[in-house]
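Listed below, chain by chain, are the residues.
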Amino acid sequence: MLSFGPSWIELLEWLAAALSLWCVWLAAKNRILNWPVSMLASCLYAYVFYHAGLVSDAVLQGVFLGFQAYGWVQWASPGKGPLPISHGPVKTLLLTLLVAAIIYPIWVQGVSRLKPDASFIWVDAALTLLSISALFWQSRRFIQNWYLWVLVDVVYVPMYYANGQTVTAVLYALFLILCLNGYRSWKAELAG
C-alpha cells in the first residue's frame, strides 16, 4: 500500500512537540499555564513513545501527568499565594536522586519484562527517573530543576535521533536553549 504524507503517529509527534515546546517556554516564563499544556503534551507523547518502542518514556508520560497535576496545585497554592522559587534543600535533592537510583534497576527489570524489545532500555530508564526527579523539583519551584533538565536533554537528543524520532530530537535540542533561559529567568526572580 502506498502512503503519501505523514502518518498519524508523525502528526501526533509534531503536535506533542509543539505543545511541549510551548509548555517549557511557559515554565521558563514562570507561567502556571505550563501545567495544563504539558498534561496534554504528555497524553500525546505517551502514545507516540509506546508506538516507537520507548516504553520507559511512554510510562514516564503517565507519571508526568500525576506530577503535572501536583505541580499545578503547588504553583496555585490556594489561599497562600504563589509558591516562591527557591534553592531546594540539599537533603531533599539528594533524597530524590537516591530514590531514583534505588528504583532504577527495578524499573529496568519491569520494562524488560513488559517489552523485551524496548529501545535503549538502560538509558531510557535513567532519563525517565531523572526526568521525574526534575519535574518534582520543578513542581516545588526548586531552581535546581533546570540543571537536571539540561542533563536529560543533552542525552535525549542523540537517543531520540538514533531511534528515529527526529522531530522530538530537534525539540529536545530547543529545550536546551529554553532550559538555559528558564534558569536565568528563575535566578533573576530569586535574586529579585
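Provided above is the structure to which this section pertains.
Residues numbered from 1 in each chain as written. Predicted model: local features only at pLDDT ≥ 70, side-chain atom pairs only at ≥ 80, totals over all residues. Heavy atoms only, no water.

Novice: With reference to specific residues and values, describe the overall build of the chain.
Specialist: If you tally the helices and strands in the chain, you get 7 helices and 0 strands. When its helices and strands are written in sequence order, the chain yields α-α-α-α-α-α-α. For 192 residues, the compact-globule formula gives about 16 Å, and the C-alpha radius of gyration of the chain, at 17 Å, lands near that figure. Along the first, second and third principal axes, the C-alpha set of the chain runs to 60 × 35 × 30 Å. For the chain, with 192 residues in total, the buried portion stands at 45%. Counted over contacts in the chain with a minimum sequence separation of 6, partners at least 24 positions apart contribute 74%. As displayed, the chain has an accessible area near 10000 Å², and 73% of this comes from carbon and sulfur atoms. Both charge centroids of the chain, one from 10 positive and one from 7 negative side chains, sit 17 Å from each other. (Helix = DSSP H or I, 4+ residues; strand = E, 2+ residues; numbered from the N terminus. Rg over C-alpha atoms; globule rule 2.2 N^0.38 Å. Buried < 20%, exposed > 50% of the residue type's maximum accessible area, 1.4 Å probe, protein only. Contact = heavy atoms within 4.5 Å. Areas by Shrake-Rupley, 256 points an atom, 1.4 Å probe, with all protein chains shown as cover. Lys, Arg positive; Asp, Glu negative; His and termini not counted. Charge placed at Lys NZ, Arg CZ, Asp CG, Glu CD.)

Novice: Report on the side chain of Ser 133, specifying residues and quantitative values.
Specialist: Along the polypeptide, Ser 133 turns up in helix H5 (residues 121–139). What makes Ser 133 buried here is its relative accessible area of 3%. Dropping the residues within four chain positions of it, Ser 133 is found in contact with Thr 96, Leu 97, Ala 100 and Leu 148.

Novice: Run through empty space enclosed by the protein, naming residues and quoting values.
Specialist: Summed over all chains, the structure comprises 1 cavity of 30 Å³ or more. Space inside the largest cavity adds up to approximately 370 Å³. As for the largest cavity, its lining consists of 28 residues, of which Cys 23, Val 24, Phe 64, Trp 149 and Phe 175 are closest to the centre. Where the lining of the largest cavity is concerned, the elements lending two or more residues are helix H1 (8–28), helix H2 (34–51), helix H3 (55–76), H5, helix H6 (145–162) and helix H7 (166–191). By residue number, the principal contributor to the lining of the largest cavity is H2, which donates 7 residues. By residue class, the composition of the lining of the largest cavity is 17 nonpolar, 9 polar and 2 charged. (1 Å grid on protein atoms, 1.4 Å probe; cavity = no way out; pocket = protein on both sides within 12 Å on 5 of 7 lines; lining within 4 Å. Points joined across faces, edges and corners; volume = space filled by probe spheres on them. Nonpolar A, V, L, I, M, F, W, Y, C, P; charged D, E, K, R; others polar.)

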